[in-house]
Amino acid sequence: MKQAGMLVERMKNGQAAPDKHFNPYLYEAMDYQGILLTASEWAERNRDVFKDTTKPLLIEAGCYMGKNVLEFAQNNPDWNVLGIDITYKRTVKAARKIKNLGLDNAKILISDAHLAISQLPAGSLSGLCVFFPDPWPKKKQRKNRLVQEPFLRLLADKLEPQKGFFWFKTDSLDYFECVQDLGRTLHWGESAPDVVPSGLEPLPYTTVFEALFIGKNLPIYRRVFTPPRS
Ligand SMILES: C[S@@+](CC[C@H](N)C(=O)[O-])C[C@H]1O[C@@H](n2cnc3c(N)ncnc32)[C@H](O)[C@@H]1O
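Residues numbered from 1 in each chain as written. Predicted model: local features only at pLDDT ≥ 70, side-chain atom pairs only at ≥ 80, totals over all residues. Heavy atoms only, no water.

## Brief notes about the pairing of strand β6 (residues 165–170)
Remember that side chains alternate between the two faces of the sheet whenever the strand is regular. Burial within β6 is extensive, with six of its six residues counted as buried. Side chains of β6 alternate between two faces, with Phe 165, Trp 167 and Lys 169 and Phe 166, Phe 168 and Thr 170 buried alike. Examined bridge by bridge, strand β5 (residues 127–131) and β6 share five bridges and lie parallel to one another. Pairing of Val 130 across the sheet is with Phe 168, part of β6. Handedness of the β5-helix α7 (residues 149–158)-β6 crossover: right-handed. Here β6 runs beside strand β8 (residues 221–226); their pairing, made up of five bridges, is antiparallel. Its bridge partner being in β8, Phe 166 is matched across the sheet by Phe 225. (Buried < 20%, exposed > 50% of the residue type's maximum accessible area, 1.4 Å probe, protein only. Helix = DSSP H or I, 4+ residues; strand = E, 2+ residues; numbered from the N terminus. Pairing = 2+ DSSP bridges. Right-handed = clockwise from strand over helix to strand, strands pointing away.)

## Digging into unusual backbone geometry
Despite not being glycine, Trp 136 shows a phi value in the positive range, around 40°. Tracing the chain through its elements places Trp 136 in the loop between β5 and α7. Phi is positive for Gln 162, close to 70°, though the residue is something other than glycine. With respect to the element layout, Gln 162 can be found in the loop between α7 and β6. You can call Gln 162 exposed: its relative accessible area is 56%.

## Observations concerning the site of the ligand
Taken together, 18 residues surround the ligand, and among them Gly 62, Asp 85, Asp 112, Phe 131 and Thr 207 come closest. The contact in question runs from a nitrogen atom of the ligand to an N or O atom on the side chain of Asp 112, over 2.7 Å. Between Ala 113 and the ligand, the recorded distance is 2.9 Å, taken from a backbone N or O atom to a nitrogen atom. At the level of secondary structure, the elements contributing two or more residues to the shell around the ligand comprise β3 (80–85) and α9 (208–215). (Near = heavy atom within 4 Å. Polar contact = N/O pair within 3.5 Å; in protein donor to acceptor, adjacent residues only side chain to side chain.)

## Concerning the packing of aromatic side chains
Under the defined criterion, the tally for this structure stands at 14 aromatic pairs. For the pair Phe 166 and Trp 188, a centre-to-centre distance of 6.4 Å together with 75° between the ring planes defines the contact as edge-to-face. Residue Phe 166 is located in strand β6, and its partner Trp 188 is located in the loop between α8 (173–185) and β7 (189–190); the two are separated by 22 residues in the primary sequence. You'll find Phe 166 and Trp 188 in the same group, each marked buried. By the ring-pair criterion, three or more aromatic residues cluster together here, those being Phe 166, Phe 168, Tyr 175, Trp 188 and Phe 225. The ring centre of Tyr 175 lies 4.4 Å from the NZ or CZ of Arg 145, which sits over that ring. The ring of Phe 131 carries the charged tip of Lys 169 above its face, separated from the ring centre by 4.7 Å. (Phe/Tyr/Trp six-rings, centres within 6.5 Å; stacked < 30°, edge-to-face > 60°. Lys NZ or Arg CZ within 6 Å of the ring centre and 35° of its normal.)

Now the structure itself:
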């Protein structure tokens, strides 16, 4: 994948955005230094980006405009929360809300989530949420999905031993069954459907897409997976 956020990266290094790429969110991104992170900042500084680095780290991959990042951070002040997404508009809107609320335990990263998670030290991630990822419904599109075998193997290494969790929600039965099958093959644990990971305030954390699907009475598939004990 082309590196998400490359133009923000260049602008932070003093280069102007090329005219053909003009996008007001690119310029607004400059107002959120220390809140909206680029892939290189993440690669270089990683968990030091938070004020209190002793707190457990929760990541939401595909955080959209930050609704759940804000809910997690506000309701769980003893956690650090990082939202990751690949578009300027969504990450800028999320960063804007964090700045307005003055939250110091929430940050937004513009990056591919697989790349960002691969840069974490082993065992340093307390929880990962992937809520309603792009479903890539056709069989030949499955290779584009975020959660595939290499991703789950990577996650097993990055999650905190014993306590780390992977919270997954989707409206796609096929995506859900693929993740569930993979989890079983790789010996992950699996919760009952309505479980919220222990350690977080037990709120439903309904996402923007989830609310749309609930409104249409569509089924939602959700589980908390826990990595195999090594
Ligand atoms: C269908 S939306 C779901 C948004 C939100 N999680 C929700 O449930 O309301 C999927 C989101 O994932 C983001 N996304 C897609 N591929 C990604 C990737 N490789 N890394 C990070 N985010 C990604 C998209 O930009 C989009 O905001």
